[in-house]
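What follows is the residue order along each chain.
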Amino acid sequence: MTAQLEVDLTSGVPAFEQIRAQVVAHVAAGRLVAGDRLPTIRALATDLGLAAGTVARAFRELEAEGVVETRRRAGTVIAEGASVPTDIARRAAETYVAAVRAAGLTDDEALVLVHGALLGRESGRQSVTPTSTGSGSSSTPNVDRTPSRT
């Protein structure tokens, strides 16, 4: 399974909040761990069809929450000891519920998606590949990880 960042441009949830919540969720699920590098602001913005300021805001909020840190020459990485306290997880859940409601899904359909995401956690960590619903580029920057196992 590939951990992805997706932005629904038709959602009532702001794009920066969608990015922030998804990174938090990937950290909580163990798909992103300390030292994993996120795509650059410019690359992620281009690939998601967003303004760089939108992605920068998401990264600033993640840094304020202690989820990521910006390192010279290394870019934005998942912070050592990054934890997802209950309030951050609750905020991510509220964002998810808002997105589910906006999409017109039932509670049962939403829970099936959550269950599938939880089961996907066991399939191993992969790179983050952003995708966009709406407009944007189809190229996909990967999160730098350990060397590939070939």
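Residues numbered from 1 in each chain as written. Predicted model: local features only at pLDDT ≥ 70, side-chain atom pairs only at ≥ 80, totals over all residues. Heavy atoms only, no water.

**Let's talk about the overall build of the protein**
How we decide: Think of it this way: any DSSP run of H or I at least four residues long counts as a helix, any run of E at least two long counts as a strand, and we number them from the N terminus. Exposure is judged per residue with a 1.4 Å probe applied to protein chains only, and the accessible area is read against the type maximum: over 50% gives exposed, under 20% gives buried, and values in between give partly exposed. Two residues qualify as a contact provided that any one of their heavy atoms is within 4.5 Å of a heavy atom in the partner residue. In these tables, accessible area is a Shrake-Rupley quantity obtained with a 1.4 Å probe, and a residue counts as shielded only by the protein chains included in the view.
If you tally the helices and strands in the protein, you get 5 helices and 4 strands. Beginning at the N terminus, the succession of helices and strands in the protein can be written as β-α-α-α-β-β-α-α-β. When the 150 residues of the protein are sorted by exposure, 34% land in the buried category. Residue pairs in contact within the protein that sit at least 24 positions apart in sequence constitute 64% of those at least 6 positions apart. By element, 53% of the accessible surface of the protein is carried by carbon and sulfur atoms, the whole surface being about 8,500 Å².

**Description of the confidence of the model for the protein**
The line we're drawing: Each residue gets a pLDDT score, which is the predictor's confidence in that residue and runs from 0 to 100.
With 75% of its residues at a pLDDT of at least 70, the protein reaches an overall mean of 79. Of all helices and strands in the protein, the one with the weakest mean pLDDT is strand 4 (residues 128-133) (52), whereas helix 3 (residues 52-64) scores best (96). Predicted confidence is poor over residues 135-150, with pLDDT under 50, and the contacts of this stretch with residues over four places away or in other chains come to 36 contacts.

**Some words on the pattern of salt bridges**
Operational definition: Salt bridges are identified by distance alone: a Lys or Arg side-chain nitrogen within 4 Å of an Asp or Glu carboxyl oxygen.
One pass over the structure, following the stated rule, counts 5 salt bridges. With its nearest N and O atoms 3.4 Å apart, the salt bridge here joins Arg57 to Glu61. Taken as a pair, Arg57 and Glu61 lie in helix 3 at a separation of 4 residues, close to a single helical turn. Of the charged contacts in the structure, one is a salt bridge between Arg101 and Asp107, with a shortest N-O distance of 2.7 Å. For Arg101, a relative accessible area of 48% corresponds to the partly exposed category. Taken together, the shared-partner salt bridges connect Glu17, Arg20 and Glu65 into one network.

**As for the packing of helix 1 (residues 15-29) against helix 3**
What counts is decided by this rule: Structural elements are reduced to axes, namely lines fitted to C-alpha atoms, with helices fitted over the stretch in contact, and the angle between N-to-C directions of any two is expressed from 0 to 180 degrees. Roughly parallel means an angle under 35 degrees; roughly antiparallel means over 145; roughly perpendicular covers 65 to 115; every other angle is labelled oblique. Crossing handedness follows the turn of the near helix against the far one: under a right angle anticlockwise gives a left-handed crossing, and clockwise gives a right-handed one. Ten residues, namely Ala, Val, Leu, Ile, Met, Phe, Trp, Tyr, Cys and Pro, are considered nonpolar, four, namely Asp, Glu, Lys and Arg, are considered charged, and the remaining ones, Gly among them, are considered polar.
It is at 8 Å that the axes of helix 1 and helix 3 come closest, and there the two elements cross at 45°. As the angle between them shows, helix 1 and helix 3 are arranged oblique. The handedness of the crossing between helix 1 and helix 3 comes out as right-handed. Contact residues: Ala15, Phe16, Glu17, Ile19, Arg20, Val23 and Val24 in helix 1; Thr54, Val55, Arg57, Ala58, Glu61 and Leu62 in helix 3. Looking at the contact of helix 1 with helix 3 residue by residue, the class counts come to 8 nonpolar, 1 polar and 4 charged.

**Some words on helix 2 (residues 41-48)**
An α-helix turns once every 3.6 residues. As a result, residues three or four positions apart point the same way. This is how the line gets drawn: Directions drawn from the helix axis to the C-beta atoms are what define this arc.
Looking at helix 2, one finds that the buried residues are Leu44, Ala45, Asp47 and Leu48. Around the axis of helix 2, the buried residues are gathered within 170° of arc, so they sit on the same side. Of the residues one or two after helix 2, Gly49 is the one with positive phi, at around 70°.

**Observations regarding the packing of helix 2 against helix 3**
Helix 3 packs onto helix 2 with a crossing angle of 120° between their chain directions and a minimal axis gap of 8 Å. With respect to their mutual orientation, helix 2 and helix 3 come out oblique. The two elements helix 2 and helix 3 cross, and the hand of that crossing is right-handed. Contacts between helix 2 and helix 3 involve Ile41, Leu44 and Ala45 from the former and Ala52, Val55, Ala56 and Phe59 from the latter. Considered class by class, the residues forming the contact of helix 2 with helix 3 number 7 nonpolar, no polar and no charged.

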